[in-house]
Amino acid sequence: MALFLFRRLLQGVLMILVASVLIFVGVYAIGDPMALLVPPDATTETMEAARQSLGLDRPLYVQYFSFLTNALQGDLGISFVFRESALTVIMERLPATLELASTSMFLAIVIGIPFGVIAGMKPGGLADRALLIGSVLGLSLPTFWIGILLILFFAVNLGILPASGRGDTVEVFGVALSFLTLDGLRHLILPAFSLSLLPMAILGRLTRSGVIEAMSLDFARFARAQGNTRAQIVTRYVLRYISMPLVTVVGIYFGTLIAFAVVTESVFSWPGMGKLIIESINQLDRPMVVAYMMLSIVLFMFINLMVDILYSLLDPRVRLK
Amino acid sequence: MNLRFLATATALSLSALTNTASADTATIGISIAPSTLDPQLSLLTSDVGIYRHIYGSLVKVDSNNQVVLDLATSYKPLDNHTWEFKLREGVKFHDGSDFDAKDVVFTLERLGTVPGHDGLAAQYVAPITDIEVVDPYTILLKTEKVTPDVPKRLAQISIISNELSKDVASADFNSGVAAIGTGPFTYVEWKRGDQLVLDRNDGYWGDPSDFERVVLRTMTNPATRVAALEAGDIDMVDNIPPLDAQRLMEREDITVALGNSGRVHFIQFDTTSDVPPLTTAKDGSPLTTNPFADLRVRQALSMAISRDLIVERIMDGFAQAVSQGVPEGFSGYAPDIPMPVYDTDGAKALLTEAGYPEGFSVTLGCPNDRYVNDAALCQAIGQMWSRIGMDVTVDATPKSVYFKKLLAGDYPAHFLAWGNTSGDSISFLKSIAGTPDKENGRGSYNRSYTNPDLDNLIDKAASIVDEAERVALLREAMTDAINDQVFMPLHINNVIAATRKGLTYTPQVDENTNAMNLRKE
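Fair warning: this is a prediction, and the values are worked out from it, not measured in the lab. (Residues numbered from 1 in each chain as written. Chains lettered and ligands numbered in written order. Predicted model: local features only at pLDDT ≥ 70, side-chain atom pairs only at ≥ 80, totals over all residues. Heavy atoms only, no water.)

Colleague: Now, about the overall build of chain B: what can you tell me, with residues and values included?
Modeller: Along chain B, the regular secondary structure elements total 16 helices and 20 strands. For a compact globule of 521 residues, the expected C-alpha radius of gyration is about 24 Å, and chain B comes in at 25 Å, within 12% of that figure. Dimensions of chain B, computed from the C-alpha atoms along their principal axes, are close to 80 × 70 × 40 Å. Counting the 521 residues in chain B, one finds 59% classified as buried. A separation threshold of at least 6 residues defines the contact pool for chain B, and within that pool the share at least 24 residues apart is 68%. Accessible surface computed for chain B: about 20200 Å², of which carbon and sulfur atoms make up 50%. Distance from the positive charge centre (45 side chains) to the negative charge centre (70 side chains) of chain B: 3 Å. (Helix = DSSP H or I, 4+ residues; strand = E, 2+ residues; numbered from the N terminus. Rg over C-alpha atoms; globule rule 2.2 N^0.38 Å. Buried < 20%, exposed > 50% of the residue type's maximum accessible area, 1.4 Å probe, protein only. Contact = heavy atoms within 4.5 Å. Areas by Shrake-Rupley, 256 points an atom, 1.4 Å probe, with all protein chains shown as cover. Lys, Arg positive; Asp, Glu negative; His and termini not counted. Charge placed at Lys NZ, Arg CZ, Asp CG, Glu CD.)

Colleague: Residue-level account of the overall build of chain A, with values.
Modeller: In terms of helices and strands, chain A carries 13 helices and 2 strands. Dimensions along the principal axes, computed over C-alpha positions, put chain A at roughly 85 × 60 × 35 Å. Relative to its full complement of 321 residues, chain A shows a buried share of 48%. Contacts in chain A between residues at least 24 apart in sequence constitute 71% of all its contacts with a sequence separation of at least 6. Total accessible area computed for chain A in this model is approximately 15400 Å², and 71% of it derives from carbon and sulfur atoms. Separation of charge centres in chain A, based on 22 positive and 20 negative side chains, amounts to 19 Å.

Colleague: Before we move on, can you summarise a nonpolar patch on the surface with the specific residues and values?
Modeller: Residue and element names in this part refer to chain A. On the surface, Ile133, Leu137, Leu141, Phe144, Trp145, Ile148, Leu149, Leu152 and Val263 cluster together to form a nonpolar patch covering roughly 770 Å² of accessible area. Only helix H6 (126-140) and helix H7 (143-157) provide two or more residues apiece to the nonpolar patch. One can find isoleucine 133 in helix H6. (Patch = residues over 30% accessible without salt bridge, like charges linked within 9 Å, V, L, I, M, F, W, Y side chains within 5 Å. Salt bridge = Lys/Arg side-chain N within 4 Å of Asp/Glu carboxyl O.)

Colleague: Tell me about the sheet that holds strand E7 (residues 138-143) of chain B, and name the residues and values.
Modeller: Residue and element names in this part refer to chain B. The 4 strands lie next to each other as E4-E5-E7-E6, forming an open sheet whose pairing is antiparallel. Looking along the sheet, the strands with just one partner apiece sit at the ends: strand E4 (72-79) and strand E6 (128-135). Adjacent strand axes in the sheet meet at a mean angle of 20° when their direction is disregarded. Note that E6 and E7 share 6 bridges and pair antiparallel. Looking across to E7, one finds that glutamate 132 is bridged to leucine 140. (Pairing = 2+ DSSP bridges. Axes fitted to C-alpha atoms, helices over the stretch in contact; angles between N-to-C directions.)

Colleague: Now, about the packing of aromatic side chains: what can you tell me, with residues and values included?
Modeller: Evaluated as defined, the whole model comprises 22 aromatic pairs over all chains. Look at Tyr64(A) and Phe67(A): their rings are 6.0 Å apart centre to centre, the planes differ by 40°, and that puts the pair in the tilted class. Here the residue Tyr64(A) and the residue Phe67(A) both occupy positions in helix H4 (residues 60-72), the gap between them amounting to 3 residues, near one helical turn. Summarising the burial analysis for this pair, Tyr64(A) and Phe67(A) share the class buried. Joined through ring pairs, the aromatic side chains of Phe269(B), Phe292(B), Tyr356(B), Phe360(B) and Trp385(B) make up one cluster. (Phe/Tyr/Trp six-rings, centres within 6.5 Å; stacked < 30°, edge-to-face > 60°.)

Colleague: Help me get a handle on the interface of chain A and chain B, residues and values and all.
Modeller: You'll often see interface size given as the accessible area lost when the parts meet. Taken together, the contact between chain A and chain B spans 47 residues of the former and 48 residues of the latter. Counting each side, the surface lost to burial between chain A and chain B is near 4200 Å², with a carbon and sulfur contribution of 58%. Counting across the chain A and chain B interface gives 2 salt bridges. Our count for the chain A to chain B interface comes out at 8 residue pairs in polar contact (both at pLDDT 80 or more). (Buried area = accessible area lost by both parts, 1.4 Å probe. Polar contact = N/O pair within 3.5 Å; in protein donor to acceptor, adjacent residues only side chain to side chain.)

Colleague: Any details on the pattern of salt bridges? Residues and values, ideally.
Modeller: All names here are of chain B. Evaluated as defined, the whole model comprises 33 salt bridges over all chains. The partner of lysine 152 in a salt bridge is aspartate 424, with the nearest N and O atoms 3.1 Å apart. Of this pair, lysine 152 sits in helix H5 (residues 150-154) while aspartate 424 sits in the loop between strand E17 (413-418) and helix H14 (426-433), and the two are 272 residues apart along the sequence. With a relative accessible area of 16%, lysine 152 lands in the buried category. Between arginine 470 and aspartate 424 there is a salt bridge, and its shortest N-O distance comes to 2.8 Å. In this pair, arginine 470 sits in helix H16 (residues 467-483) while aspartate 424 sits in the loop between E17 and H14, placing the two residues 46 residues apart along the sequence. The exposure classification of arginine 470 matches that of aspartate 424, with both residues buried. Through salt bridges with shared partners, a single ionic network connects Glu230, Asp244, Arg247, Arg251 and Asp253.

Colleague: Describe empty space enclosed by the protein, naming the residues involved and giving the relevant values.
Modeller: Residues and elements named next belong to chain B. Scanning all chains against the criterion turns up 4 cavities of 30 Å³ or more. Each pocket or cavity is described by its volume, and for the largest cavity that value is around 80 Å³. As for the largest cavity, its lining consists of 12 residues, of which Leu43, Thr45, Tyr124, Gln156 and Thr421 are closest to the centre. Per-element tally for the lining of the largest cavity: the top contributor is helix H2 (residues 45-54), with 4 residues. (1 Å grid on protein atoms, 1.4 Å probe; cavity = no way out; pocket = protein on both sides within 12 Å on 5 of 7 lines; lining within 4 Å. Points joined across faces, edges and corners; volume = space filled by probe spheres on them.)

Colleague: Describe in detail the nonpolar core, supporting the description with residues and values.
Modeller: Residue and element names in this part refer to chain B. Leu58, Phe85, Leu154 and Trp385 are the most contacted members of the largest nonpolar core, which has 233 residues in total. Three or more residues apiece are contributed to this core by two domains, here domain 1 (3-220) and domain 2 (261-493). Each residue touching phenylalanine 85, except ones within four places of it in the same chain, is listed here: Leu58, Val59, Ala72, Ser74, Tyr75, Tyr137, Thr138, Ile139, Leu141, Val150, Pro151 and Leu154. (Core = buried A, V, L, I, M, F, W, Y, C linked by side-chain atoms within 4.5 Å. Domains from an automatic or database assignment.)

Colleague: I'd love a proper account of the domain arrangement of chain B, names of residues and values included.
Modeller: Residue and element names in this part refer to chain B. The domains assigned to chain B are domain 1 (3-220) and domain 2 (261-493). On a C-alpha basis, the centroid separation for the pair domain 1 and domain 2 is 35 Å. Between domain 1 and domain 2, the buried area comes to about 1100 Å², and carbon and sulfur atoms account for 48% of it. Contact with domain 2 buries area across many residues of domain 1, yet Asn65, Pro148 and Lys152 alone supply 44% of it, more than any other trio. Linking domain 1 with domain 2 are 1 salt bridge, by the criterion used here. On the surface where domain 1 and domain 2 come into contact, there are 4 residue pairs in polar contact (both at pLDDT 80 or more).

Colleague: I'd like to hear about unusual backbone geometry, residue by residue, with values.
Modeller: Residues and elements named next belong to chain B. Phi at asparagine 65 is positive, roughly 65°, even though this residue is not glycine. If you trace the backbone, asparagine 65 turns up in the loop between strand E2 (59-61) and strand E3 (67-69). Overall, asparagine 65 belongs to the buried group, its relative accessible area being 1%. Phi is positive for asparagine 420, which is not a glycine, with a value near 50°. Along the chain, the position of asparagine 420 falls in the loop between E17 and H14. Owing to a relative accessible area of 2%, asparagine 420 belongs among the buried residues under this scheme.

Colleague: Please give an account of the state of the cysteines that cites residues and values.
Modeller: Disulfides are covalent bonds that connect the sulfur atoms of two cysteines. Residue and element names in this part refer to chain B. Here the structure, examined in full by the defined rule, presents 1 disulfide over all chains. The disulfide bridge from cysteine 366 ends at cysteine 378, spanning 2.2 Å between sulfur atoms. Because the torsion about its S-S bond is 85°, the bridge between cysteine 366 and cysteine 378 counts as right-handed. Taken together, the residues cysteine 366 in strand E15 (residues 361-367) and cysteine 378 in helix H12 (residues 374-387) connect sequence positions 12 residues apart. Each of the two residues, cysteine 366 as well as cysteine 378, counts as buried. (Disulfide = S-S within 2.5 Å.)

Colleague: Quick rundown of the pairing of strand E12 (residues 254-269) of chain B? Include the residues and the values.
Modeller: Residue and element names in this part refer to chain B. For E12, the tally of buried residues reaches 13 of 16 residues, placing the bulk of the element in the interior. Note that E12 and strand E18 (residues 487-500) share 12 bridges and pair antiparallel. When the sheet's bridge partners are listed, valine 256 is paired in E18 with alanine 498. Bridging between E12 and E17 involves 6 bridges; their strand directions are antiparallel. Residue glutamine 268 lies in a different strand from E17, and its bridge partner there is histidine 414.

See the structure below:
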């Protein structure tokens, strides 16, 4: 186990290093942030002064190594736009994104999996057909479009839910959370629902096919012969059997929801990281983009690690080596 | 019982439970996110627009970008190198301390020393070499070079309190500890990228706001902003796309506010290269001369464009054609310059005269995420040019790539807009029409046109303190620039905002949103 964790850590460090070089060079190659950061009526002298103050007058490799030295000391650089530590700015936005992603994942799990089980227990039945059609919609309709439709229907036409923003928040251990207030919940429901549709559809389909497959396997037949009801077989044996792919998918999509909830966040003006990163890319705010990508990588690695540990808990045959 | 009734009932019961907004709070959906609240860190036009809520300045600009008094009660040049400012007495900062000359001195001294500043604030006051405090309410500003636009420069500088410690950090302004000004609103809370909450400053010396509290909520997505207004979540939104504006105008419960923008859109040409890049004869063979160096070609390309059609079709009527680099009402606007005429036959004749009867091939550079409908505008211009025989490729790229290419001189012709935030034509003439020259601050966006006579005029205008003489010179320079087609003026947009019924808003020509302009009817 210790060796496993150590190897994972080493891989992670290497990945972050490679990614930092790629992002650094990539953002540098796109363009010159100066033209976007300084108003056009600045004189050439001012442009030069600002370039110097941001350290952009040095060659790229010098900039990279100074970034690397600082990064090793936990400083990911100062945002060109906000002139504050990039990490601080991102951390301010992280709770909103985590909250949105967790709520969406929660919705996807509590709706998608039970629906999949019911559909899988009676293939061809009403629930099954509803799931197949519904999941096609969930998979193929773009989230931004669903988001705008939800806003139009619930906020503009019916006027029962707010169209955007985060609403009232409560500070819990210094972290602002909105799902603890009624106003916050009302703001959360539309973006979380529209973001949950894709993982919900995938989880539903996956559960359905898993259940259908497992129900025809030997262990399910023996369990039936022992006199278990179908419901007992599903809850006791089948769910356990199909949980591995479900955990994997939940893990992957959770990471994706956190790192790339960009579209939903901008449609609903949700003050999360996704919105921040898009604006930072548009402004060529390199420290922000680099810090964000580093954080995403760490996040993905952490989720993958959790998934692996969950595997070993769910399936005794899996040993972490 | 129908669905509508059910929905209304649910809506009523839900809103009764949760409605926290009161009539005295105005929530405004704004399209930009302020980058900082330290008024000396960044002088981006959009940031200055936010500072104006919290901080006062010696003079400020009105909704038409013209200088009016704020913390100064009068100003005048005593000679070519000295400006006298009389300060307003009895003004208090948000923390209760008095405003006087010491605060001005503190403000000007901190400028340019803030870690990470963009250099712009320091640039604005760089000509001021010395400050003399005559008495607590009179100061003399000395300049080494003759600087006629001292008041305009100071309009960009927010006055902070000298009660702050010398090493006050930008983070203190962002957290509100140091965000203390003399402006019409006081800081309550700022969540970066989300919202800025401000309360009315009841001790404000001027006309107070009609609202006890103002919330500036950042909503970068235009569809979201408009939907939030339609849903009644917020009281006002700025920066509405022309397409939505038309629809909103038909609604009973929403008022659309229109104003003119000071941002002039235009096209520049590469007139100095021997052969401009991406320009060939129609059959693809290289040219031996630079067609844009010929005035007749530039005139022909301008005549080929129907500005009315652009306004009507691309901008949905929410724009106006312009004849020069600044809109009417700005100082230096030359009323005698005629509106460009649309005449394809005349344009063809001019092209033939210049030796290009068949036209030639050219690439028009254009951003696609910077100005309203920018890519569509360039496509339309390309099509209009092809009507007089040109072969046009439109290269529309994101702004992050575009400006780099533009400044590197990669385009033979390109589309640009100039904000004219100074309220006069000097910055346009200097940056667009002037030959690049560090000393005189000319030509920051002009790589490819030189005219020493015009440069002389511009430099002269930049160093005359007498307002009437200065305006006359600015007009002459603009007229010369248009006569020589240094650039090809196109149009200005409307600034479009919308409020719920019962409120009025006066848009600002600098496209910023100012909560002070929002009033109850």
